Amino acid sequence: MREMTLYINKKKVTVPEGTTIMEAAAQADIEIPALCWLKDINEDGACLICQVEAIGKKDLIISCKTKVEEGMEVTTNSPRVIAARKNTLRLLLSGHEKKCLSCVRSGYCELQKLCEKYGIEDDTYYEEGERQKYELDISASHMVRDNNKCILCRRCVAVCKNVQGIGVIGTNSRGCDSYIGSAFDLGLGQTSCVSCGQCIAVCPTGALYEKDATEAVFRALADSTKVVIAQTAPAVRAALGECFGLPAGTDTEGKMVAALRELGFDKVFDTDLGADLTIMEEANEFLERMKSGKNLPLITSCSPGWVTFCEYYFPEMLDNLSTCKSPHEMLGAMIKTYYGQKNTISPEDIVVVSIMPCTAKKVEIGREGMDASGVQDVDYVLTTRELSRMIKKRDINFLRLENAEFDDPLGISTGAGVIFGASGGVMEAALRTAVESLQGEELSAVEFHQVRGMEGIKEAELDVSGQKIRVAAVSGLANARKILEAVADGSADYHFIEIMGCPGGCINGGGQPQVPAAVRNFTDYRKLRAQVLYQLDEDRPLRKSHDNPMIQKLYQDFIGEPGGSTAHKLLHTKYRKRELY
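Figured I'd write up the structure that's included with this text. (Residues numbered from 1 in each chain as written. Predicted model: local features only at pLDDT ≥ 70, side-chain atom pairs only at ≥ 80, totals over all residues. Heavy atoms only, no water.)

**Structural notes on the overall build of the protein**
In terms of regular secondary structure, the protein is built from 19 helices and 17 strands. Across its three principal directions, the C-alpha atoms of the protein cover 75 × 60 × 50 Å. Out of the 581 residues in the protein, the part that is buried amounts to 60%. Accessible area for the protein stands at about 23,800 Å²; split by element, carbon and sulfur atoms hold 47% of it. Each charge class in the protein was averaged separately, 68 positive and 81 negative side chains, and the resulting centres sit 4 Å apart. (Helix = DSSP H or I, 4+ residues; strand = E, 2+ residues; numbered from the N terminus. Buried < 20%, exposed > 50% of the residue type's maximum accessible area, 1.4 Å probe, protein only. Areas by Shrake-Rupley, 256 points an atom, 1.4 Å probe, with all protein chains shown as cover. Lys, Arg positive; Asp, Glu negative; His and termini not counted. Charge placed at Lys NZ, Arg CZ, Asp CG, Glu CD.)

Quick look at the structure:
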């Protein structure tokens, strides 16, 4: 490909032809601000904040859309550019509700940071009564939409349509009356939204945020009649540190456990044990289906956003879904049955709080059948962001905490459990158990690198004792749609498919720390988070779910056989077709 040489702020840069000025600047470590642009997702240049000046060009040019030219001389910070950016920011603020002190995004808001950078604090274009005022949309179980803080960047619209393939939101009305909403002005909870939270993850302001459960959890912690137990998903430990200034890819498992103890939780268990439990059931389910040849391919059911997507958009595939509950629901069931019985605690007196990277888990806990003990398996779900806010509210110095370990007996897990948080991890964990069972001998190497990585669709064919097993690991719901359509029309043939609702898996869940566009567009933060999990896996003394001694004890003393009647009562669920809106 032809190379192009240009100068950005007098710095020589050589890039392939077709590169945008924004991308070329990033290659030269020159940051150009952006409020709407997301690489390969939202590239319409609507916000105008990324304008730059080029010699020979009369008007300022939009750097996220304009391709480089040979010999081009670009300035990203000239007085004219700075004046234009200030003007744009003032215009955005004229329609923005400026309740920054109480906003959930304060300190992490991309608009706020730009206003701080350029010294914007006045209301030049604002006149009382001219700004549109909107009612909060609280109709969804997992999130709130506050259009009073929306800047119409359309990132949420783009990620819902282009990445997740759903498109339940868009721009309504025209001109100054434009706002983001759903068709026919339905509340988000009345649409076919799957609660993945990717719209929250990309929003640059506080216009979208999860429904907060922190105050309810604080009340539970203060109730001396309750035993309050936390469990933490694998992906949380790979990202929580970012909320406290640590770089992406920092393992904070020990500090996370210590912080939860400081908050007052009676016990801190590991959802990784729930993941090991899931593998025992799911691997057994896979082997049974391979023997019978029925309802193949088996498709994983750990991601509640994906499960809801299947119920809405591919109900004909519901029989292919594994009937396994997700790991935190399995562990919630075990806490309120096994652990409660062992410690003579009534399930009504146990409060289970799941710390998750996922907003869809907030909806999942209310699904039918998630009540193995007669009461809800999990009482509250907190996102990674909510946990960070609780830690800060209680003045806990996270960075100075000494590492702590999970509590026995439900804190023992394997490397197979921890890799659940990355795309391909559920598949790899299941294969470690299923392949060893099929071979009838111990695996010489437990890694299945074929299903690792951040690609949206990964395929592999495994030769297991002469038997060919075709698998696929998929993340992002638009990719799930592609795979399921290929299965339906016969152009793809698999035995086992892992599907995660969020691109890259749970490490990129809708409840994880927000990543600004400047990082999101040019750094593979998902890979950095995933590396934490794979390193933890490598460091674990046990790396296969069936080798977990606590798993063996649970089956021996309480559950019985994988796939048995007790297992189905406690650990499995059902699905239903949902009507599209």
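More follows now that the structure is in view.
**A word on the sheet that holds strand β4 (residues 61–62)**
The mixed open sheet is built from 5 strands, whose spatial order is β2-β1-β5-β3-β4. The open sheet has two free edges, formed respectively by β2 (11–16) and β4, since each of these has just one partner strand. As paired elements, strand β1 (residues 3–8) and strand β5 (residues 73–75) share 2 bridges and run parallel to each other. Each residue of the ladder has a partner; that of Y7, found in β5, is E73. In this fold helix α2 (residues 79–94) packs onto β3 (51–54) and β5, with an angle of close to 160 degrees to the strand it touches most, β3. (Pairing = 2+ DSSP bridges. Contact = heavy atoms within 4.5 Å. Axes fitted to C-alpha atoms, helices over the stretch in contact; angles between N-to-C directions.)

**Description of unusual backbone geometry**
Look at the link from L296 to P297: it is a cis peptide, with omega at 0 degrees. A cis amide bond, omega 0 degrees, links D408 with the succeeding residue P409. Examined against the element boundaries, P409 turns out to sit in the loop between α12 (384–393) and α13 (415–418). Of note in the backbone geometry, S195 takes a positive phi value of approximately 70 degrees without being a glycine. The topology assignment puts S195 in the loop between β8 (179–181) and α5 (198–202).

**Some remarks on α2**
Since the α-helix advances by 3.6 residues per turn, residues separated by three or four positions end up pointing in the same direction. Over its 16 residues, α2 extends 23 Å from the first C-alpha to the last, a length consistent with the 22 Å expected when each residue adds 1.5 Å. Taken residue by residue, α2 has V81, A84, R85, T88, L89, L92, L93 and S94 as its buried positions. Here the buried face of α2 lies against β3, β5 and α3 (110–117). (Expected span 1.5 Å × (residues − 1).)

**A few points about the environment of N320**
Take N320: it is sitting in the loop between α9 (304–313) and α10 (327–342). Taking the C-alpha atoms as reference points, N320 and N521, separated by 201 residues in sequence, lie 36 Å from one another.

**So, the nonpolar core**
Side chains of a nonpolar character, in soluble globular proteins, are inclined to be buried together. Core analysis: the largest hydrophobic core is formed by 63 residues, its most contacted members being L260, L263, F265, L277, I335, I391 and L571. Counting residues per element, this core draws most heavily on α10, which supplies 7 residues. Every residue in contact with L263, bar those within four places of it in the chain, is listed here: F218, L221, L387, M390, I391, R394 and I396. (Core = buried A, V, L, I, M, F, W, Y, C linked by side-chain atoms within 4.5 Å.)

**Things to note about the sheet that holds strand β11 (residues 267–270)**
Pairing between sheet strands relies on hydrogen bonds along the backbone, with the strands arranged either parallel or antiparallel. The 4 strands lie next to each other as β11-β10-β13-β14, forming an open sheet whose pairing is parallel. The sheet is open, and its two borders are formed by β11 and β14 (380–383), each paired with just one other strand. When the angles between neighbouring strand axes are averaged without regard to direction, this sheet yields 25 degrees. Two strands pair when backbone bridges link them, and strand β10 (residues 227–232) and strand β13 (residues 350–356) are joined in this way by 6 bridges, in the parallel orientation. Its bridge partner lying in β13, Q231 is registered against S354.

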